[in-house]
Each structure stands twice: as C-alpha cells, then as structure tokens.
Protein chains: 2
Amino acid sequence: MLIRRLAVIGVGLIGGSLARALRDAGEVGEVVGCGRGRENLERAVALGVIDRFTHDIGEAVEGADMVFLSLPLGAMAAAFLAMRGHLAQDAVITDGGSSKASVVQACRDAFGTIPASFVPGHPIAGTENSGVEASFATLYHGRRTILTPTEATSAEALRRVESMWRLCGAEVTRMSVEHHDEVLAATSHLPHMLAFGLVDTLAQMKENDEIFRYAAGGFRDFTRIASSNPVMWRDICVANSVALGEVMDRYIREMQALAETIKAEDGERLLRIFGRAKAARDRYVDGIDESASTE
Amino acid sequence: MLIRRLAVIGVGLIGGSLARALRDAGEVGEVVGCGRGRENLERAVALGVIDRFTHDIGEAVEGADMVFLSLPLGAMAAAFLAMRGHLAQDAVITDGGSSKASVVQACRDAFGTIPASFVPGHPIAGTENSGVEASFATLYHGRRTILTPTEATSAEALRRVESMWRLCGAEVTRMSVEHHDEVLAATSHLPHMLAFGLVDTLAQMKENDEIFRYAAGGFRDFTRIASSNPVMWRDICVANSVALGEVMDRYIREMQALAETIKAEDGERLLRIFGRAKAARDRYVDGIDESASTE
C-alpha cells in the first residue's frame, strides 16, 4: 500500500477524485478530509470518499504520510501556515494548484524554506461541476499531471507523488515551475481571458439584448467558458499575473495587427494569417487527437 | 406553388438546403443549379436537389421567378454583372451572404441602381461541412433568417422572400443593412477573429509544439473555430471591414484594461469584470436556451 494515511485539504472534485482513485486501487489505508463546509464533508463520508473529517488543518495532517492540498490558490498560504508543527516525520506534501510559482512562494513563506518533502503539482483535469458529489475515480485516467519539483524537493518525495498519480491512471510529466506557469498561461488562462473579455465587451454595447439574441450556436460554446467561477479565476490571475500578463500583451499585439489588416482590407495578408492559424491548429490539435486514440 | 423556377447560384450547403426544403414543401416547380464544379453539380442532380445545371449565370437565371445567390462574398459582384439582361420580368433576387452592405454595393454597381426586386438576406445557419452532399432539408428549421430590405426593395419582393424562408421553417426578422453588419460583426465575425488570433499567437511562440500538447479539452473546442475556411473568412473581413474594425477596437481596449488589471494584481476589479461577464452570459444565453426549448 503506497499511502498509510492521506490528508485531503479541500474535499471537492479534485481532492475527492484523488481519494476515490487511490481507494479503488487499494493503495490508501485511511483518508482524512478537511474543509470548512460541514455538509460537504458529511456527504464525503457518506459517499465513502473519506473516512473522517475535521475543520482544523493541523489536526487533519497529523499522522498523514501524504498531504494533498486541493484548495483555491488564494487559500494555499493560510493552509501551509496551519500545518506547520503538525506534520509527521515521513509526510510528503503535494498540491493541485493551477499556477505553481505562487504556491511555491506561499510554502516558502510559511516554512522559511521550501521543505524537501514538498512536490508542487498540477493535474490537468476537471469538469464543469464542483464539490465532492461531482468527484469520480476515473477523473485522472489518461490525463496529464505536471509535477514541478523545486531544487529542494527530495527524490524520494518526488518518486512517491509520481507513483500516486500513476496509480490514478495519469501520465506524469515534469517541468520547471516557471515553464509550467508559461505553458498554462498560454493554453488555459489566456483562452479564459478571451472569453471573459468577449462577453464583457458585448454586454457593454448598446442593444446588447439583441446582440446576445443573435449569437449563434458556435458563439454560445465559445462563451460557456465565461460562466466559470469568478473567484477561482480572480485567484488564478493574481497568482499567475507575470506569465499571464506577458502572453496577454503578445495576444493584444496580434489582435491589433489583425484589426489594422482588416481595416486596410488587405485580403492577401488576411489569407496568410488565417491559413497559418488553420494549419497550426490542424497540425497540432488533430495530431493530439490521433495520438490520444492510439494510446 | 410559391416558386415556378428557382435558380440556385452556388449549389453547396446553403443553396442545396434551400432547394431541398422548398421541394419537401412542394413549393417549387423546377430548380436550376449554377456553379463552376461539374462534379458537385452532377452530384446535386443525382441527389435530386436540382433538376438541371449550367455553368453560365445568365443562362441559369433565364425564366426563373426566384434567384438565390449562395456564393462566397467575393464572388457576388461578378454574379450580379453576369445576370444583367437575362432576368425574367417577375424575377425576385435574394442572397445568403453573411455581410450585407458589400452585397448591396455589388448589386448597385452592377445594375447602376438597386433593383426593386432585390431582397438582401442572411440565413443564420450552417454546419462544419460544405458542398451539396452536406445539404439537408431541415437546416433552416427553427433558425433565424435576417432580411435587410433597402429603400428600393418592393413590398411584393420582400413578401415573397419572407414566404420562402418561412416555408423552410425559418423565423424571419428584418433589420437595416448597417445594423445587420454590426450585429454579425459582434456575434460571429469577432469571435472568429479571437480564435484565429489565439491560435496564431500560440503558433508563433517558441516551443509551440509543447504548448499545443498541453492544450486541454476546452482549448481544443475553443480553437476548432480557427480551422474554418480561410478564403471565406478573408472575404467576410474585407466585406465587413468597417463594422468588424470597430468592434475589434472595442474588444482590444477591453483586453488592454484586463491585462493592466492582471499585472496590477487588482483582485477586486478582476472579480467585478469576471462577475459581470458571467452574469451577462448566464442571463442572456441561458435565457435563449430556455425560450428555444419552449418554442
């Protein structure tokens, strides 16, 4: 059994699915849940996702050999502070935050130095639903989990966290903290900003009622993303402000050039831009589809 | 029977689906197809979408009491010129172009003045497929068709085109040419530009292979739109350059403000922007979903 006692700090879709997957694999002895909402935690016990719960982080991590933080980014700093002095000798700490530099910083701030037992991580998985009710054992099946070990991270801690994610069916890759934040800014955070920006632009136009009425099906899919949790996205933007700010500047310059080309009615240049985008999209995304289907 | 002889100039998804719907309704006597590709036109005859075909527009419109132009926007001007002197006395002309000012201008240029028999139109419908093979009789069922009559358009021509679209199951609305182009720029053309711009931005980043590899499922849906036909979008951008240029400037200003707010890590303001976008999206788009399901 890989894990004797797992402490899940934040028992929602991400933390609940991890616990379920490890239980299904028979690789966890006891699961202790921690969170603020009593109802959600009671439901987690009833569903068999956790064995018991507490609202106190220090109490939750006591005796645990694996601590998983699945909290909003804005809540990480307080969680690290709360677990100080309560961790077991052999405890490994990891997390599921979608921005890594800010979590590493919060950990350093709490402990004075980054503990060797801390393995920053990010499972690239999720659904539109949240809460423990939405969790399921196969959420991480065939999905990527990125681990971003720091210079302080011990090989043993890294090995244990890698094993944990592989038991959940995830494909584990490693990258630096900085590189993770750049890649996620481009592929996840920027697309969300486009959607928020589009909907907000249209909402501010006069006759916006009519504009939304004529929005076709494609537009609706496109803006579904804009109904994501505002608090979560506020936290992500603040946590990853540097990498996201850079890629947004890049994107704005691209859109400015495109707007100028449209106003100049430069058909040849438009054809080059659209052809390049189509080729890139078809080449990479279809390539990914194919490799996924043969895996 | 509403239409004695229908001339479909451009027998693809849009033109083919109109012909099929009118045949199913028993409201068209003969359908004459016109286009450049012999193979597509032979297929259209074999499928029973058209009765006969010609590659000559003048010949195609002879004796037709309804002429439907379903051509790329860039091909409209030549089509109007080619039909001059061949139209029947009672011929009504309409089109399916997704930008209206440019089509009206092309018509005025060809005829010297806008004919009373011309009813500019735009069915808001389509699929990801093209060509007559992709056409089907119910494409316009429950979809909107916008008609943008000019000052010259006769009430009788307008009435006939409205009847035609209603027979296809479409909900017909009228608006001015300028207003149509503004609404479509915001709800269709701008979202496509975002997608092209996003994919092109990422394709130009170093290590773009890796970036596309980590693109999650939501991103893939988001950029599917960027694999749309580059020639069609070049034509749309050139045809609707004024309205699209304006809404792009508005969007770029919104994104600049958002980028500055992210760099300043102004969490409260981010929450306001994201909350406003979510509320607008939920209010309007879900409102549309509900009304659609009760219609």
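Thresholds, definitions, all that
- Residues numbered from 1 in each chain as written.
- Chains lettered and ligands numbered in written order.
- Predicted model: local features only at pLDDT ≥ 70, side-chain atom pairs only at ≥ 80, totals over all residues.
- Helix = DSSP H or I, 4+ residues; strand = E, 2+ residues; numbered from the N terminus.
- Buried ≥ 20, exposed ≤ 12 C-beta atoms within 10 Å, placed from the backbone.
- Contact = placed C-beta atoms within 7 Å.
- Pairing = 2+ DSSP bridges.
- Axes fitted to C-alpha atoms, helices over the stretch in contact; angles between N-to-C directions.
- Right-handed = clockwise from strand over helix to strand, strands pointing away.
- Least-squares fit on C-alpha atoms with pLDDT ≥ 70 in both.
- Nonpolar A, V, L, I, M, F, W, Y, C, P; charged D, E, K, R; others polar.
- Expected span 1.5 Å × (residues − 1).
- Parallel < 35°, antiparallel > 145°, perpendicular 65-115°, else oblique.
- Left-handed = near helix turned anticlockwise from the far one by under 90°.
- Domains from an automatic or database assignment.

Peer 1: Just to check I follow, could you spell out the overall build of chain A for this structure?
Peer 2: In terms of regular secondary structure, chain A is built from 12 helices and 9 strands. The C-alpha extent of chain A, read off along each of the three principal axes, is 70 × 40 × 40 Å. Per-residue burial for chain A yields a buried fraction of 51% across its 295 residues. Intrachain contacts of chain A at a sequence separation of at least 6 include 76% that bridge at least 24 residues.

Peer 1: Please clarify how the sheet that holds strand E8 (residues 144-147) of chain B should be interpreted in this entry.
Peer 2: The strands that make up a sheet are held in pairs by hydrogen bonds between backbone atoms, and each pair lies either parallel or antiparallel. Residues and elements named next belong to chain B. Read from one edge of the open sheet, 3 strands run E7-E8-E9, paired in mixed fashion. Each having just a single partner strand, strand E7 (121-123) and strand E9 (171-174) make up the two edges of the open sheet. Between one strand axis and the next, the sheet turns through 20 degrees on average, direction left out of account.

Peer 1: Got a minute to help me understand unusual backbone geometry in this structure?
Peer 2: Excluding glycine, residues mostly have negative phi values, and the peptide bonds linking residues are mostly trans. Notably, Glu-265 of chain A is not glycine yet its phi reads approximately 50 degrees, a positive angle. With respect to the helices, strands and loops of the structure, Glu-265 of chain A is situated in the loop between helix H11 (241-263) and helix H12 (267-294).

Peer 1: Even after reading the chapter, I still don't get the pairing of strand E5 (residues 92-95) of chain B, so can you show me in this structure?
Peer 2: Two faces belong to every sheet, and in a regular strand the side chains alternate between them. Residue and element names in this part refer to chain B. Burial of E5 is two-sided: the residues Val-92 and Thr-94 facing one way and the residues Ile-93 and Asp-95 facing the other way are all buried. Pairing of strand E4 (residues 66-69) with E5, which is carried by 4 bridges, proceeds in the parallel orientation. From the neighbouring strand, Val-67 faces E5, where its bridge partner is Ile-93. On the question of chirality, the crossover connecting E4 to the parallel E5 by way of helix H4 (residues 76-83) is right-handed. Sheet topology places E5 next to strand E6 (residues 118-119); 2 bridges connect them, and they run parallel.

Peer 1: I'm lost on the relation of the copies chain A and chain B in this one. Help?
Peer 2: Two chain copies here: they are related by a rotation about an axis and a translation along the same axis. The transformation that overlays chain A on chain B combines an axial shift of 0.0 Å with a rotation of 180 degrees, and the residual RMSD is 0.0 Å. The transformation just described matches what one would write down for a two-fold rotation axis. Comparing contact sets, 100% of the residues at the interface of chain A also lie at the interface in chain B, consistent with an isologous, same-surface contact.

Peer 1: For this particular structure, what's the right way to read the interface of chain A and chain B?
Peer 2: In many reports, interface size means the accessible area that the parts give up when they come together. Chain A puts 71 residues into the contact, and the matching count from chain B is 71 residues. Going through the elements one at a time, helix H7 (177-203), helix H8 (208-213), helix H9 (217-224), helix H10 (230-239), H11 and H12 of chain A are the ones with two or more residues in the side of chain A that touches chain B. Ranked by the residues each element gives to the side of chain A that touches chain B, the list is headed by H7 of chain A, at 16 residues. Across the side of chain A that touches chain B, the residue classes tally to 44 nonpolar, 12 polar and 15 charged.

Peer 1: Would you explain H11 of chain A in this entry?
Peer 2: Along an α-helix, residues three or four apart share an orientation, since each turn contains 3.6 residues. Taking 1.5 Å per residue, 23 residues should reach 33 Å; H11 of chain A reaches 32 Å between its end C-alpha atoms and fits that length. Among the residues of H11 of chain A, Ser-241, Ala-243, Leu-244, Val-247, Met-248, Tyr-251, Met-255, Leu-258, Ala-259, Thr-261 and Ile-262 of chain A are the ones counted as buried.

Peer 1: What exactly am I supposed to notice about the packing of H11 of chain A against helix H7 (residues 177-203) of chain B here?
Peer 2: Packed helices, taken two at a time, are described by the angle between their axes plus the distance between the axes. Across the interface, H11 of chain A lies against H7 of chain B with an axial gap of 9 Å and an inter-helix angle of 125 degrees. Classed by the angle they form, the pair H11 of chain A and H7 of chain B counts as oblique. Remark: the crossing between H11 of chain A and H7 of chain B carries right-handed chirality. Taken together, the residues of H7 of chain B that come into contact with H11 of chain A (itself represented by Arg-250, Tyr-251, Glu-254, Met-255 and Leu-258 of chain A) are Met-193, Gly-197, Leu-198, Asp-200 and Thr-201 of chain B. Counted by class, the contact of H11 of chain A with H7 of chain B contains 5 nonpolar, 2 polar and 3 charged residues.

Peer 1: Before we go on, may I ask you to explain the domain arrangement of chain A in this structure?
Peer 2: Residue and element names in this part refer to chain A. Assigned domains of chain A: these are domain 1 (3-175) and domain 2 (180-264). Computed from C-alpha atoms alone, the centre-to-centre distance between domain 1 and domain 2 is 30 Å. Listed per partner, the contact involves 12 residues of domain 1 and 9 residues of domain 2. Across the side of domain 1 that touches domain 2, the residue classes tally to 5 nonpolar, 6 polar and 1 charged.

Peer 1: For this particular structure, what's the right way to read the pairing of E9 of chain B?
Peer 2: Residues and elements named next belong to chain B. In this sheet, E9 lies alongside E8 in parallel orientation, the contact comprising 4 bridges. If you follow Leu-147 over to E9, its bridge partner there is Arg-174. Handedness of the E8-helix H6 (residues 155-167)-E9 crossover: right-handed.

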